[in-house]
Amino acid sequence: MFKEHYYLDLPHPPAAEYFIGVVDGELVAHVAVCPLFTAKAYRATRLVVMPEWQGAGVGTAFLNEVMQYHLEGNGRCGHKYHTFFHTSHPQLAGYLRNAEVWKQTGAMLYGSNKTRSNASIVKTGKKGSITGCGYGGHFRAVQSFKYLGK
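Predicted model only: the values in this text are computed from it and were never measured. (Residues numbered from 1 in each chain as written. Predicted model: local features only at pLDDT ≥ 70, side-chain atom pairs only at ≥ 80, totals over all residues. Heavy atoms only, no water.)

Caption draft 1: Seen up close, the pattern of salt bridges. Under the counting rule described, the total for this entry stands at one salt bridge. A salt bridge links Glu65 to Lys150, with the nearest nitrogen and oxygen atoms 2.8 Å apart. Taken as a pair, Glu65 in helix α1 (residues 58-71) and Lys150 in the segment after β6 (142-147) lie far apart in primary sequence, 85 residues in all. A relative accessible area of 69% means that Lys150 is categorised as exposed. (Salt bridge = Lys/Arg side-chain N within 4 Å of Asp/Glu carboxyl O. Helix = DSSP H or I, 4+ residues; strand = E, 2+ residues; numbered from the N terminus. Buried < 20%, exposed > 50% of the residue type's maximum accessible area, 1.4 Å probe, protein only.)

Caption draft 2: Main features of the side chain of Asn64. Tracing the backbone shows Asn64 in helix α1. In this structure Asn64 comes out as buried when scored by relative accessible area, which is 10%. In this structure the side chain of Asn64 is engaged in a polar contact, spanning 2.7 Å, whose partner is the side chain of Tyr95. Separated by 2.7 Å, the side chains of Asn64 and Trp102 make a polar contact. Other than its neighbours up to four places away in sequence, Asn64 contacts Tyr95, Val101, Trp102 and Tyr147. (Polar contact = N/O pair within 3.5 Å; in protein donor to acceptor, adjacent residues only side chain to side chain. Contact = heavy atoms within 4.5 Å.)

Caption draft 3: Up close: the packing of aromatic side chains. Inspection of the entire model under this criterion finds four aromatic pairs. On the numbers, 5.7 Å between centres and 50° between planes, the contact of Tyr42 with Tyr81 is tilted. In this pair, Tyr42 is assigned in strand β3 (residues 41-49) and Tyr81 in the loop between α1 and β4 (83-87), connecting sequence segments 39 residues apart. Judged by relative accessible area, which is 2%, Tyr42 ranks as buried. Relative accessible area serves as the criterion here: at 21%, Tyr81 is assigned to the partly exposed category. Through pairs of rings, three or more aromatic residues link up here, namely Phe85, Trp102 and Tyr147. (Phe/Tyr/Trp six-rings, centres within 6.5 Å; stacked < 30°, edge-to-face > 60°.)

Here it is in structure tokens:
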């Protein structure tokens, strides 16, 4: 139901918990939360708010509740971890930047060098086994945030 409203076409995140927001039986919002073991944290991804509900504050309230749920230890394995979230949506980034329960942790406002990424990946692979790869060749601004809690 939410896939057609999500701007990327990617496989489902592994080991994710999926949360659905409903108002009077109507599907309103979706977010997936994955463990981020390298940081003893969670990572929220794929926030989708149905078009007719966008701008009403429902999505941010939903996101905050799911993040608080995890911070209180109700998520996977009962860990009381913070959650990181990335967005390229300007209004959502503006809300998160100014909300007391969120802290901005990073911003990449332009694409990075795909050639440099390719060279690094090729260098770490077996000789001749990796070609034509690399990350960062897009020009989508991405901002990073950490949920601090209530």
